[in-house]
Amino acid sequence: MTIRPVVPPPSDTEVEAWLAVLTAASTTDLPGLPAPSRVEVAGRLRVPPARGRHAFWTTDDGDGVAGLLLFTDEGNTHTAFLDVLAVRPEARRRGVGTALWERVRAELLARERTSVSALVDLGGPGQAFAESLGFENVLRMAWYVQDVARDAADPAAPRIPATPGYELMCWPGIVPDAWAQAVAVAHGAMDDAPAGDMDEQTMTWTAERVRAAQRLVLERGGELTMVAAVTPAGEVAAYTVLVRTDPAGPRALQYDTVVVSAHRGHGLGRAVKLRMLAEVATRHPDLREIGTTVADENGPMRAVNESLGYRWERGVGIFQRKL
């Protein structure tokens, strides 16, 4: 077995081979969940990340793939994120995953990284494999899913509450320049979000960093919508972001939902999420589900999601290994 790097830009054949591995692994490990789409896979392989550089590898027989994100932002050049390490189910227990990991580990050491983390589903082969390599769960989370079509049609579904002193605004695509800095400031409210023992440091967000992260979604073939609660003084008091990594896919992802500490206690988190649901009904009538991850420690956000009809889907964790 030979492990070779995927030299950018990957060919259509390489994208299809990568997609085939991920689809086979997902179908076996996460039955009933949407499989990765070609749009999503091609975008990730072909469009460089906003805050680092990717390295990709595949086995010559097409049985396994691995992708690593090496952070380049200040404060995180010591760590990295293992974006994917997947092996076809029929090829497991033959050393394919271990060989891929050793190639990843060699790259980490060559780049003088002292830790690496990965998002791992709990209770399945991914967790067992990660723990066999010395990874530890440093932040317990779970996926929660909202059935959009059912909730939108339900006459008992919650309606958007009044938000005295705040205006709810919707920005499809990249945030307008006039609001980008205010969004960056609001993003800082996530500094107090549960982070467990993660080695990755929180970045300082700027207007350009906000726009770069949003451009990345679009350049990879996706769509995004932001709903924000703003004040007459021009502050962004709260916001939420919805991303469709594949506009034709059945599931969207709820990215950050933020409420600035000075504006908490006014129901703004619930308000922006409900306004987003209204936008979804208009802009994305074909959308079936919205998925999001929430840390187990984040009781307030879990309570908001539960009140909106989100259901627990599966446990996940940020697993980390020191090198």
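Above this note sits the structure.
Quick caveat, the model's predicted, so the values are computed rather than measured.

Enquirer: I'm lost on the side chain of Thr240 in this one. Help?
Expert: The residue Thr240 is located in strand 9 (residues 236–244) in this model. Among the residues examined, Thr240 registers a relative accessible area of 0% and is labelled buried. One polar contact links Thr240 to Gln254, side chain to side chain, over a distance of 2.6 Å. At 2.7 Å, the side chain of Thr240 and the side chain of Thr257 are in polar contact.

Enquirer: Help me understand the packing of helix 6 (residues 177–187) against helix 7 (residues 207–219) in this model?
Expert: For any two helices packed against each other, one specifies the crossing angle of their axes together with the interaxial distance. Taken N-terminus to C-terminus, the directions of helix 6 and helix 7 make an angle of 105°; their axes are 7 Å apart at the nearest point. Our classification of the angle between helix 6 and helix 7 gives roughly perpendicular. Seen from helix 6, the contacting residues are Asp177, Ala180, Gln181, Val183 and Ala184; seen from helix 7, they are Ala207, Val210 and Arg211. For the contact of helix 6 with helix 7, the class distribution of residues is five nonpolar, one polar and two charged.

Enquirer: Help me understand the pairing of strand 8 (residues 223–230) in this model?
Expert: The side chains of a regular strand alternate between both faces of the sheet. Counting buried positions along strand 8 yields seven of eight residues, so the element is predominantly enclosed. As paired strands, strand 7 (residues 167–172) and strand 8 are joined by six bridges and run antiparallel to one another. Directly across from Trp171, in strand 8, lies its bridge partner Met226. What sits between strand 8 and strand 9 in their antiparallel hairpin is a turn of five residues, with Gly234 showing a positive phi close to 90°.

Enquirer: For this particular structure, what's the right way to read the pattern of salt bridges?
Expert: One side chain can pair with another of opposite charge once the charged atoms of both are near each other. Summed over the entire model, instances satisfying the criterion amount to 24 salt bridges. The closest approach of N and O atoms between Arg251 and Glu313, which form a salt bridge, is 2.7 Å. Residue Arg251 is found in strand 10 (residues 251–259), and its partner Glu313 is found in strand 12 (residues 311–322); the two are separated by 62 residues along the sequence. Arg251 sits in the buried class, given a relative accessible area of 14%.

Enquirer: What exactly am I supposed to notice about unusual backbone geometry here?
Expert: Most peptide bonds take the trans configuration, and most residues that are not glycine carry a negative phi. In this structure, Pro9 follows Pro8 across a cis peptide bond, with omega equal to -10°. If you check the backbone angles, Arg93 has positive phi at about 65° while not being a glycine. In this fold, Arg93 is placed in the loop between strand 4 (80–87) and helix 3 (96–110). With phi around 60°, Glu112 is a residue other than glycine that occupies positive phi space. As for its position among the elements, Glu112 is in the loop between helix 3 and strand 5 (115–121).

Enquirer: What's the story with the packing of aromatic side chains in this structure? I'm lost.
Expert: Centre distance and the angle of the planes are the two values used to describe a pair of aromatic rings. Inspection of every chain in the model, using the stated rule, returns three aromatic pairs. On the basis of an interplanar angle of 70° and a centroid distance of 5.4 Å, the ring pair of Trp101 and Phe135 is categorised as edge-to-face. One end of the pair, Trp101, is in helix 3; the other, Phe135, is in the loop between helix 4 (125–132) and strand 6 (136–147), and 34 residues separate them in sequence. Accessibility assignment for this pair places Trp101 and Phe135 in one class, buried.

Enquirer: Sorry if this is basic, but what is going on with the nonpolar core here?
Expert: Judged by nonpolar contacts, the single largest core of 26 residues is most densely connected at Ala229, Leu242, Val280 and Ile290. Contributions of two or more residues to this core are made by strand 6, strand 7, strand 8, strand 9, strand 10, helix 8 (268–283) and strand 11 (289–295). The dominant element in this core, judged by the number of residues it contributes, is helix 8, at seven residues. With sequence-adjacent residues up to four places away left out, Ala229 is seen in contact with Tyr166, Glu167, Leu168, Glu235, Val236, Ala237, Ala238, Leu268 and Val272. Counting residues in hydrophobic clusters, the runner-up holds 22 residues, among them Ala180, Leu224, Val241 and Val258.

Criteria and thresholds
Residues numbered from 1 in each chain as written. Predicted model: local features only at pLDDT ≥ 70, side-chain atom pairs only at ≥ 80, totals over all residues. Heavy atoms only, no water. Helix = DSSP H or I, 4+ residues; strand = E, 2+ residues; numbered from the N terminus. Buried < 20%, exposed > 50% of the residue type's maximum accessible area, 1.4 Å probe, protein only. Polar contact = N/O pair within 3.5 Å; in protein donor to acceptor, adjacent residues only side chain to side chain. Axes fitted to C-alpha atoms, helices over the stretch in contact; angles between N-to-C directions. Parallel < 35°, antiparallel > 145°, perpendicular 65-115°, else oblique. Contact = heavy atoms within 4.5 Å. Nonpolar A, V, L, I, M, F, W, Y, C, P; charged D, E, K, R; others polar. Pairing = 2+ DSSP bridges. Salt bridge = Lys/Arg side-chain N within 4 Å of Asp/Glu carboxyl O. Phe/Tyr/Trp six-rings, centres within 6.5 Å; stacked < 30°, edge-to-face > 60°. Core = buried A, V, L, I, M, F, W, Y, C linked by side-chain atoms within 4.5 Å.

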